[in-house]
Each structure stands twice: as structure tokens, then as C-alpha cells.
Amino acid sequence: RGKRGRSGSGAMAAARGEGDEGTRKYTSALTALEGVRRSLLEAESTLGAGRVPPLRIPQICVVGDQSAGKSALMQAISDIPFPTATGTCTRCAIIVEMHPLEGGEETPKFRIDDVDIRVVDDDTSPVTAALKKRQQELVDKSTLKQFSDVPLRVEATTRHPHRLVAVDLPGIVHAADDSYGDEGSSEMVKALIRKYIEPAETLILVVLQASRDDETQAALNLARAADPSGSRTLRVYTKMDVTESADQARVLKSRVQSADKRHLAGDELAPHFVACRPNGVIANAETERAAIAKAVGGDCAALGVVGGQALADRLEPLLCARIMRNLDSMRKQIADAKAAANEELRLIGKHPKRPDEILHLLEKSLLARQLLMNNLIGHRLDAFREAIHATKAAADDADAIAEVFEATYSPFAPPFFQGQAAFDMRVRQICDMWEPIADAFVSSVLELLAQATEPWQRFPPPPAAATHIGGAAAAAGGAGGHDTDDEDETGGAAGEESKATVTADEARAATAPRTVGASLAVRREEDSLHSVADTFKSAVRSNALELQASVSEALRDGVFNGDLEREREFGTANHYLNSKFEAELTVPTEIIETAVKQRWAVAEAGREATAKKRPDRYTSASQVPIDGAQLCSSMVEDVTTAIEAHFAVLATKSVKEQQMHRTGVAVKAYWAVMHKTFVDNTLKAVRDRVAHRFERWCRSMAHSDALRKAAVEAPDIMARRQRANEIIRVMNDCEQHLRSIGA
């Protein structure tokens, strides 16, 4: 107890065990925080409320129920004459900066929101009146009847020996009390309190009326919600000079003694007890302690947890510790705010853009998107090619050939020349299968074009966007001209294979280095156009819609009325067609494949049998060697036998049936040629009617007089640029203030 009785900075230094060095460090830290807070408030006055990123500054926040004695407590630790009366005295957050008089000064000095209040002959009533007036001015500007969410700042240089920063918050009115005048104000006060006490950097000073049960005091509940562990909450019991009964006095005495033991044991957050104004009269430290001792029946003179003076002694080291503990957090907050402001400047530009700069950025953005669009069209073309190829099984279907042959057979023509009409019909049916596949591909290309011509939307779309091309192939697979279970299975399998192929292609597209690099370039150019006016965006979009309409008409006409329509009519002198027809007619591919597979199956069975007979030599059939020469000889014999059998069967058929077979072979051979031609011609149509047109359109943007007239920045960009630059400036100031700590 020998350390008790010290006050001011000396008590703070003793508590920290650092002497003059501790006092100097605390003073520099507090001065730095005052500078940070002042810089933020000045920036907010320039930019407007809520326009400056809030920093979670280590501070003491004083909360309590209405009439719990908060204002009297604040006056006791600061010498600021706060208004005190029954009912509501604090109507906004009051940020209090306390400084001791130095250099032989005698007259206290007060400043309220940058307005100096003169004190003559220690008459502080003008300060009280100014506090009331300024609060009322803020309330009058508020949308609520009784309170304001705009803080009021008070600087006080008094005879009080302490340096502190504390935030006095409005008192909480219980639901049964309607003195706020409106329900919205009650909720607003609670929201305001939560805003200040929830940050982990805040030390909560919760003011509780000693004569009331703790659990009935709303301020304690709010403090518990913000700080469940109680690791940053200090309870201060007020009006300790008033007890309602002897039992209550004994309870309070026991509470004081318990808190004193905790405090002596090193508990910095042990509860504190004050009277502040015994019997309604402002008292000094001795009078206050005497009044408390009289009320609870015990000697309180030497207790470190009793009295407003002792509370101020305790708060200095607590605030100092919080400041030092949260310096890194503050530096990170400042760095994050600067990074966000710099990102904003990157998006909108550090300087205003001229019309020619905007048009140049537009051209760069569109050309970057065109490069990426071409890349994505390539992946969709791969899917289109696979989907067309997947129709081979349906095109080769013998039952479909038989159906069209029978449908077109004429008894008035020699059987030797039958099949031309069936061939033509089957070719048209194959083109009908291709039409929905081509439509899906063309639609996906036009969709990419629409997205590429919109510089203010993210590009490209998700990878799954083109999988509907495979779905079109699946639907086309069943369009063979008749209904059979076999064909449904074939078409379905083709469709599923196509879907899988498209999905794999799209997945590769999403991770291909070229696509990723192009996407990053597009992102950079997209960002550079954020600052333009809506009228310019509308003009570009109007041009883009005209381009899309003309390209859509030209592409659909070229693919459907040109390429696909030409494929419906025979027209080729490709020597590959003759070679394919002769090969299929002389040595049908399926006969060779069947014979080879059967012979290979016999060879595999022989290897397995050998492995079983010689387990001492072979552990698996794969280790048994194959006689290549013998296998080839057997395959040739099998193929020869199969071909002879095929022609033997064909020879037994009628001329009509043989001609039907030749028609089917002709369709297969022609499909092999026409599907490649169709894919190639479609590629050329997309290249000429989409890619080349889009590139010419992109380069024409910089020479458009209409766009040049509309090429201006958006009206809000100047304000956004000013705000970002101001945030960077004020955050640099805050960094500078923090660097001074300990210097």
C-alpha cells in the first residue's frame, strides 16, 4: 500500500515501472493518437460524414444507463464541467482529450469543435453552456428527435494532472422510460454504443449505479455482448455515498474490499468505486473518500480502487498498454485504407482523361477482348467439329439407308440405276442432323461476340457455356429417319461422347496459358474504362448492337443458306470420294474390323491358356510371347474368308438389294468428304463474318466523331478521385503521427 496516494503521470509511470521513460512514451503515444484522430476528423469535415475509412483507434469509451452518473464521473477525471441533471445530458458521442496545464499556466483552456471557450476567474459555466448549445446544434441537424450520430470533440487543458482520451457516450434509457421521445432514438443510442465498444482496441468503462442490481443495468449487458470475456471492461460503481439500507452498505463494503484485493494482486481491471459529487457537491479526493467510507462503514483513504482521482491514475497505464498493443493493428488498417484508395485511383485514373485517351483505351480494351474471343471460339469450334463427327454412326445406319431406298424406289426405272433419289434424300437427312448442331455453335459464337463488345462486363463467361453444342449433337443423333432401339442407343452414345468432349475442351480452355494471359489483359483494359460517362457507354453499346445485328445476319446466312444448303446437293470432284467408295465397296471396313477383333480374341485366349499351363514360367497372360508372323497370317486368312463370305452373301441377293448396298456405301463415302467440307466452310464463315468484322469495328472506334463527342468522364469521377487522394493524404499523416511514438 506504500505506492498509494501517487497521482497523475507519476502514478502511471510507477504502475508501468518505467519512470520518466514510461511517462515520455505514453505522452508521445497519446499525442500521436490525438493527431490521428484530428486528421481523420479534418478529412471527414472536408469529404463529409462517413466518407473517410474509420480507423479502430485504442480509446476509452464510457457507457452507462441514463442518470447513472457518467457526466459527473467524466468531470471528476477531467475537470470539464459537463452538463449534469436528471434525465438525458449527453446527446452524442463526446470525444474528450485531457491535458494538464504546463509551464506555469494557471487558467484552464477549453476548445469545443475548434471553437475556443474563454474561462475568466475559474468560471466554467460558459463551457457548460457551450457543450449544451453544440449538442443541440448537432441534434437539430439529425433525423432523430433527441440524438445525433455526429461526434463532438472537446479539448481540455486543466489543473487535472492526467493526460487521457475518452469517449463519453449517451446514456441508455430503460424501455419503461419514454424520455427519449421516440423509439428510434433508443435503438439509435444502442447502435451508437455498439459501434464504439465492439472494436477489440477499445477499453470499455461501464458506469454502474452502486445502489442498483448489476443485472438490471442495460449498459453492462451491452458491454458483455461486446466483450464476453471481460478482458477489456472496467466496471465503475458510482454514487457510492448513497446507500438505501445497512445490508446494502455491507454488500458494497465487501465489494470494495474484494476489488482492492484483486487490484493489489495485479488485476488491472478490478472494479472501481466513486462518489464524484457527495451530497450533490463537487468534492476533492479526500472529501469523496470520506463520504464513501461513511456510507459503507470502512476506511477507504488508502484504497487504490476508490475515488475519481485514483480512477484517473489507473486509466493512464491501461490506455498506454492498449495503444502499444494495437500499434501494428493501426498500421495495418492505415495500409489497407491506402491500398483501397490506390486501387480506386488505378480504376478511375489519377488524372482526368481526354477524349482521345478514352477512345484509345476503348480500342485497346476491345482488341484485347477480340483476342480472347477468338481463342474461345477456337474451343467452341473443337466442340462443334466433334459434335458433327459424332453423327457418323447415325449417318452410316443401314436401316436408315433401307428406309429411304424403299421410299424412293421406282418400279418404272431399271434396278441397275436405282439409288440416286435415296442417296439425295439421305444426304438431306444428314444435313438436317447437322442443322441444330450448327445453330448451337453459331449461337454460342454470337453470344461471345455480344459479351466481347461490352467493355464494362466481365469477360469471358464461365467455361460451361458452350456445352449445349454437345447437347445438340445428342438430339441430332436420333434423327436418322426412323425409330429403332438400336439407333436411339447409337445416337445417345454419340451425344454423351460429344458432351464429355466439350466439357473437357472447355476445362482445358479455362486453364490454358493463352486464355489466362488474355483474360488478365482484358481485366486491365476493363478496369481502365470505369471512369467514363454513361452517355459514352450508351453510344458504344448502340454501335455494338448494330455490329451484332449485321454479324448475326451475315453469319447465319453464310452457314445455313450458304454452306449447309450447298451440302444438301451433291457437288464435289474430290478424288478421296472415289477412293473411299471403292475401298468400302471392295473391302468393307466393318468386315475387316470384325475379323481382326475375333482373331485377336483367339490369340488372347491362347495366351491365357498357356499361362495357366506354365505357372512356373508365367505369372500372367501378358508375359506369354506372341508369334507375330503367325498372328498376321491368321488375320489375313480370316479377313479373306470374311470378304469371300460377304460377297457370297451379296451374290445371292437381288439386284435391288445389291443396289441398296451400293447406295449405303456411297452415303458413307460422301459423309466422309462432306462433313469435313462443312466444318471447314463454317470456320471460314466465322473468320470472315465475325473475327475480321469485329477487328475492323474495334479499330474504327478511335475515328468515330460521335464517340469522340461523348468521350468524357462520369460526373462523379472527380469527387471519387478527390476522395481517394484525400484518403491517401490523411493516411500518410496518420502514419507520420504513429512514427513519432517513442521517437
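A word on the pairing of strand S2 (residues 94-100). The element S2 is extensively covered by neighbouring structure, given that seven of its seven residues are classed as buried. Neither face of S2 is left uncovered, since the one carrying Ile-94, Val-96, Met-98 and Pro-100 and the one carrying Ile-95, Glu-97 and His-99 both have all their residues buried. Bridge count between S2 and strand S5 (residues 152-158): seven bridges; the pairing is parallel. Its bridge partner lying in S5, Ile-95 is registered against Arg-153. With five bridges connecting them, S2 and strand S6 (residues 164-168) associate as antiparallel partners. The residue bridging Val-96 from the neighbouring strand is Ala-166, located in S6.

It is worth spelling out the side chain of Gln-370 at this point. Tracing the chain through its elements places Gln-370 in helix H11 (residues 355-389). In this view, Gln-370 contacts Ala-691, Phe-694 and Glu-695; residues no more than four positions away in its chain are not counted.

Under the defined criterion, the tally for this structure stands at six aromatic pairs. A centroid spacing of 4.7 Å and a plane angle of 15° characterise the contact between Phe-384 and Phe-441, whose relative ring orientation is stacked. With Phe-384 in helix H11 and Phe-441 in helix H14 (residues 420-452), this residue pair connects regions lying 57 residues apart in the sequence. Classification of Phe-441 as buried rests on a relative accessible area of 1%. With centroids separated by 6.0 Å and ring planes inclined at 65°, the aromatic side chains of Phe-384 and Phe-678 adopt a geometry described as edge-to-face. Taken together, the positions of Phe-384 in helix H11 and Phe-678 in helix H22 (residues 655-700) put the pair 294 residues apart, joining distant regions of the chain. Judged on exposure class, the residue Phe-384 and its partner Phe-678 are both buried. Pairwise contacts between aromatic rings join Phe-384, Trp-434, Phe-441 and Phe-678 into one cluster.

Quick look at the sheet that holds strand S7 (residues 202-209) now. Spatially, S4-S3-S5-S2-S6-S1-S7-S8-S9 is the arrangement adopted by the nine strands of the open sheet, whose pairing is mixed. Edge positions in the sheet fall to strand S4 (115-117) and strand S9 (272-273), since each of these pairs with one other strand and no more. Where strand S3 (residues 109-112) and S5 come together, four bridges link them in antiparallel fashion. Bridge assignment links Arg-111 to a residue of S5, and that residue is Glu-155.

A separate point is the nonpolar core. By size, the foremost hydrophobic cluster in this structure holds 103 residues, and its most contacted members are Leu-73, Leu-169, Ile-197, Met-240 and Leu-315. Considering every element that reaches this core, the biggest residue donor is helix H2 (residues 19-47), with nine residues. Aside from chain neighbours lying at most four places away, what touches Leu-315 is Ile-60, Ile-77, Leu-164, Leu-203, Leu-205 and Leu-234. Counting 66 residues, the second largest nonpolar core, distinct from the first, contains Ile-377, Ile-401, Ala-685 and Leu-707.

In this model, Asp-113 sits at a positive phi of 50°, which is unusual for a non-glycine residue. The topology assignment puts Asp-113 in the loop between S3 and S4. Positive phi, close to 70°, is recorded for Asp-114, a residue that is not glycine. As for its placement among the helices and strands, Asp-114 is situated in the loop between S3 and S4. The exposure class assigned to Asp-114 is partly exposed, which follows from its relative accessible area of 48%.

This part is about the pattern of salt bridges. Throughout the structure, instances matching the rule amount to 36 salt bridges. In this structure, Arg-153 and Asp-114 form a salt bridge, with 2.9 Å as the shortest nitrogen-oxygen distance. Placement of Arg-153 in strand S5 and of Asp-114 in the loop between S3 and S4 is noted, with a sequence separation of 39 residues between them. Of the charged contacts in the structure, one is a salt bridge between Arg-739 and Glu-735, with a shortest N-O distance of 3.8 Å. Residue Arg-739 and its partner Glu-735 are both found in helix H24 (residues 717-739); the two are separated by four residues, about one turn of the helix. Taking relative accessible area as the criterion, Arg-739 reaches 51% and is therefore assigned exposed.

Next up on the list: H24. The terminal C-alpha atoms of H24, which comprises 23 residues, lie 33 Å apart, in line with the 33 Å expected from a rise of 1.5 Å per residue. What H24 keeps buried is the set Ile-717, Arg-721, Ala-724, Glu-726, Ile-727, Ile-728, Val-730, Met-731, Cys-734 and Leu-738.

Before going further, it helps to examine the pairing of S5. Summarising burial for S5: seven of the seven residues are buried, a large majority. Side-chain alternation along S5 places Leu-152, Val-154, Ala-156 and Thr-158 on one buried face and Arg-153, Glu-155 and Thr-157 on a second face that is also buried.

Attention now goes to helix H6 (residues 218-226). The complete set of buried residues in H6 reads Ala-219, Leu-220, Leu-222, Ala-223 and Ala-226. Seen along its axis, H6 keeps its buried residues to an arc of 160°; they face one direction.

Let us now look at the confidence of the model for the chain. A residue-level look at the chain finds 79% of positions with pLDDT of 70 or above and a mean pLDDT of 79. Across residues 1-17, where pLDDT falls below 50, the model places 35 contacts with residues more than four positions away in sequence or in other chains. In this model residues 479-517 is a low-confidence stretch, pLDDT under 50, and it forms 55 contacts with partners more than four residues away in sequence or in other chains.

As a further point, take the side chain of Ser-71. Tracing the backbone shows Ser-71 in helix H3 (residues 70-78). Ser-71 sits in the buried class, given a relative accessible area of 10%. Sequence-distant contacts of Ser-71, defined by excluding residues within four places in its chain, comprise Phe-82, Pro-83, Thr-84, Cys-89, Thr-90 and Asp-168.

This part covers the environment of Lys-338. Along the chain, Lys-338 falls in helix H10 (residues 327-348). You can call Lys-338 buried: its relative accessible area is 18%. Note: C-alpha distance between Lys-338 and Ala-724 (386 residues apart in sequence) is 8.4 Å. The residues contacting Lys-338, other than those within four sequence positions of it, are Ile-728, Met-731, Asn-732 and Glu-735.

A separate point is the packing of helix H13 (residues 398-408) against H14. Helix-helix packing is described using two parameters, namely the angle between the two axes and the distance between the axes. Between H13 and H14, whose axes approach to 8 Å, the crossing angle comes to 130°. By the angle class used here, H13 and H14 are oblique. Two packed elements cross with a definite hand, and for H13 against H14 that hand is right-handed. Of the residues in H14, those touching H13 at Ala-400, Ile-401, Val-404, Phe-405 and Thr-408 are Ala-421, Ala-422, Met-425, Arg-426 and Gln-429. Split into classes, the residues belonging to the contact of H13 with H14 amount to seven nonpolar, two polar and one charged.

Conventions and cut-offs
- Residues numbered from 1 in each chain as written.
- Predicted model: local features only at pLDDT ≥ 70, side-chain atom pairs only at ≥ 80, totals over all residues.
- Heavy atoms only, no water.
- Buried < 20%, exposed > 50% of the residue type's maximum accessible area, 1.4 Å probe, protein only.
- Helix = DSSP H or I, 4+ residues; strand = E, 2+ residues; numbered from the N terminus.
- Pairing = 2+ DSSP bridges.
- Contact = heavy atoms within 4.5 Å.
- Phe/Tyr/Trp six-rings, centres within 6.5 Å; stacked < 30°, edge-to-face > 60°.
- Core = buried A, V, L, I, M, F, W, Y, C linked by side-chain atoms within 4.5 Å.
- Salt bridge = Lys/Arg side-chain N within 4 Å of Asp/Glu carboxyl O.
- Expected span 1.5 Å × (residues − 1).
- Arc of directions from axis to C-beta.
- pLDDT = per-residue confidence, 0-100.
- Axes fitted to C-alpha atoms, helices over the stretch in contact; angles between N-to-C directions.
- Parallel < 35°, antiparallel > 145°, perpendicular 65-115°, else oblique.
- Left-handed = near helix turned anticlockwise from the far one by under 90°.
- Nonpolar A, V, L, I, M, F, W, Y, C, P; charged D, E, K, R; others polar.

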